[in-house]
Amino acid sequence: MIVPNKRFSLIALVTAMAWFSLLSSALATDSTNRNDETMGHGSAKDIVVAKVNGAVINMDQLMRTMSYISRTKHGSEEVSPLLAEKIKQEAIDQLVIEELAVQAAHAKIKNIPPEQIEAKIDAIKKSYKSEEAFQEYIKNEFGDMDGLKKQLQRSMPLELFISQEFGTKVKVSDQEVEDTYNERKSRLYVTNEFVQVNDLLFFLEPSSPESVPTIEKIKQSIIDKYDNNPRNFPSDSTFTLQKNMPLDKIKDKALYEAARGLKEYGWSAPINVDGNLHIVQLIGYKPAQNKSLQEVAPLLKQQINQEKLQAMLATWLAGIKEGAKIEIVDLTR
């Protein structure tokens, strides 16, 4: 299904696991940057920044692609002139490759039947809560329904092309699934329970009737006055803090058993370990896993399929510029 209001690039198609959702790269655009007035030059759609085998890439496309790259790759990083130029070059390269991919698709797949386009429009419409929201999307992104249909006529051949040229050629054997399972088993499928804590070790006499009330008072103070963060508590000679400590099920048995039953960032009662009093705060927990090959085989087969497909697409895209006529317009002149 096409995801509205989010721009996907063909480049991302190579690295994204859910590759099929990215086939709408020529369709789904970013609604946060729809201003056509650019640097006082009038309509950004009328300013040519590149030509690919005669097909025009305009300033509007470049600006939206640059905005997408800036947000997704650089976040809140300050965009210096040098970085802006780097983003611009990356955006142009991405748009050129996308255009070449679309041209390759249209060379083999001439037309998409009208009923398939209508079915795609229905799928998009169903992703919106109301007809009004859908119409607003159409207006903002494509101007009108004809604009949407033109974009679908451009993007759907690419979707079909990738499926036919690459998707149908990927094969995954049962042996590959088993070998991959064995390779990844210790990291992903068969893992021990993991418990991580902040451990406060107190220098107090366990037999003293004042020790437990003192510990409880400190614990409550951390919760109430120091954002439940023992790092913020003023250091003194009462205790020492071991931060982010993973516990061993055997070696740290008493602390381990106390911590694993806590809620995240919750605290244990005082625990006597070999004559020393502790309290622990649970900061990380993962349950044990023991997933068999039979359990994970269907999903694992899908993952291997996608990895192979990504490799094939990467190889194709790496050579897609060969023989193409690409003209980059120098706008500084």
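Please read all numbers here as calculations on a predicted model, not as lab measurements.

Chemist: Can you lay out the overall build of the chain for me, pointing to particular residues and giving the numbers?
Modeler: Tallying secondary structure elements over the chain gives 10 helices and 9 strands in all. Every one of the 333 residues in the chain was classed for burial, and the buried ones make up 38%. Taking the intrachain contacts of the chain between residues at least 6 apart in sequence as the baseline, contacts between residues at least 24 apart amount to 70%. Working note: accessible area of the chain is about 19200 Å², and carbon and sulfur atoms make up 51% of it.

Chemist: Provide a residue-level description of the nonpolar core, including the pertinent values.
Modeler: Core analysis: the largest hydrophobic core is formed by 51 residues, its most contacted members being Leu148 and Trp316. Those elements giving two or more residues to this core turn out to be strand E1 (48-52), helix H2 (59-74), helix H3 (81-108), helix H4 (114-126), helix H5 (131-142), helix H6 (145-165), helix H7 (174-189) and helix H10 (293-318). Ranked by residues supplied to this core, first place goes to H3 with 11 residues. Aside from chain neighbours lying at most four places away, what touches Trp316 is Ala101, Ala104, Phe161 and Phe166. The next biggest cluster of nonpolar side chains, apart from the first, holds 11 residues, and it includes Met245, Tyr256, Val280 and Leu282.

Chemist: Please provide a residue-by-residue account of H10, values included.
Modeler: The end-to-end C-alpha separation of H10 is 35 Å, in line with the 38 Å expected for 26 residues at 1.5 Å each. Where H10 bends most, the angle comes to about 35°, and this point is Leu299. Listed in full, the buried residues belonging to H10 are Val296, Leu300, Ile304, Gln306, Leu309, Gln310, Leu313, Trp316 and Leu317.

Chemist: Can you lay out the sheet that holds E1 for me, pointing to particular residues and giving the numbers?
Modeler: Taken in spatial order, the 3 strands make up an open sheet running E2-E1-E9, and their pairing is antiparallel. Each end of this open sheet is capped by a strand with a single partner; those strands are strand E2 (55-58) and strand E9 (326-328). Strand-to-strand, the axes of this sheet are offset by a mean angle of 20°, without reference to chain direction. For E1 and E9, the ladder comprises 3 bridges, and the chain directions are antiparallel. Looking at the pairing, Lys51 lines up with Glu327 of E9. Lying on the sheet, H2 is in contact with E1 and E2; it crosses E2 at an angle near 55°. Taken strand by strand, H3 contacts E1, E2 and E9, and its axis lies near 145° from that of E2.

Chemist: Summarise H6; cite the residues concerned and give the values.
Modeler: With 21 residues, H6 ought to run about 30 Å at 1.5 Å a step, and its terminal C-alpha atoms sit 30 Å apart, in line with that. Maximum bend of H6: about 25°, positioned at Gln153, with proline Pro157 one to four residues after it. Those residues of H6 that sit buried are Gly147, Leu148, Leu152, Ser155, Met156, Pro157, Leu158, Phe161, Ile162 and Glu165. For H6, the capping residue at the N-terminal end is Asp144, with a side-chain oxygen 3.2 Å from the backbone nitrogen of Asp146.

Chemist: Give me the lowdown on the pattern of salt bridges, citing residues and values where you can.
Modeler: In this structure the tally under the stated criterion is 12 salt bridges. For Arg154, the salt bridge is made with Glu99, and the minimal N-O distance between the two is 2.7 Å. Here Glu99 lies in helix H3 and Arg154 lies in helix H6, a separation of 55 residues in the sequence. Glu99 gets classed as buried once you look at its relative accessible area, which sits at 7%.

Chemist: Before we move on, can you summarise the packing of aromatic side chains with the specific residues and values?
Modeler: Tallying each qualifying case throughout the model produces 10 aromatic pairs. Here Phe166 and Trp316 contribute two aromatic rings whose centre-to-centre distance is 5.3 Å and whose plane-to-plane angle is 50°, an arrangement assigned as tilted. Taken together, the residues Phe166 in the loop between H6 and H7 and Trp316 in helix H10 connect sequence positions 150 residues apart. Both residues of the pair, Phe166 and Trp316, count as buried. With a centroid separation of 5.8 Å and an interplanar angle of 45°, the aromatic rings of Phe233 and Phe239 are classed as tilted. Each member of the pair, Phe233 as well as Phe239, carries the same accessibility label: buried. Site record: aromatic cluster; members linked through ring pairs are Tyr128, Phe134, Tyr137 and Phe142.

Chemist: Can you break down the sheet that holds strand E6 (residues 271-273) residue by residue, with the values?
Modeler: Sheets are built from strands that pair by backbone hydrogen bonding, the pairs being arranged parallel or antiparallel. Read across the sheet, 4 strands follow the order E5-E4-E7-E6 without closing on themselves; strand pairing throughout is antiparallel. Looking at which strands have only one partner, the edges of the open sheet turn out to be strand E5 (239-246) and E6. Neighbour-to-neighbour, the strand axes of this sheet turn through a mean angle of 35°, independent of strand direction. In this sheet, E5 lies alongside strand E4 (residues 194-202) in antiparallel orientation, the contact comprising 6 bridges. In the strand pairing of E5, Leu200 is matched with Leu241. Sheet contacts for helix H8 (residues 211-225): E4, E5 and strand E7 (276-286); angle to E7, the most-contacted strand, approximately 35°.

Chemist: Can you tell me about the pairing of E1, naming the residues and giving the values?
Modeler: In the sheet, E1 pairs with E2 via 4 bridges, with the strands oriented antiparallel. Bridging across to E2, Ala50 finds its partner in Ile57. Between E1 and E2, which pair antiparallel in sequence order, lie 2 residues; one of them, Asn53, sits at a positive phi of approximately 50°.

Rules of the game
- Residues numbered from 1 in each chain as written.
- Predicted model: local features only at pLDDT ≥ 70, side-chain atom pairs only at ≥ 80, totals over all residues.
- Heavy atoms only, no water.
- Helix = DSSP H or I, 4+ residues; strand = E, 2+ residues; numbered from the N terminus.
- Buried < 20%, exposed > 50% of the residue type's maximum accessible area, 1.4 Å probe, protein only.
- Contact = heavy atoms within 4.5 Å.
- Areas by Shrake-Rupley, 256 points an atom, 1.4 Å probe, with all protein chains shown as cover.
- Core = buried A, V, L, I, M, F, W, Y, C linked by side-chain atoms within 4.5 Å.
- Expected span 1.5 Å × (residues − 1).
- Bend = angle between axes of the 7 residues up to and from the residue.
- Pairing = 2+ DSSP bridges.
- Axes fitted to C-alpha atoms, helices over the stretch in contact; angles between N-to-C directions.
- Polar contact = N/O pair within 3.5 Å; in protein donor to acceptor, adjacent residues only side chain to side chain.
- Salt bridge = Lys/Arg side-chain N within 4 Å of Asp/Glu carboxyl O.
- Phe/Tyr/Trp six-rings, centres within 6.5 Å; stacked < 30°, edge-to-face > 60°.

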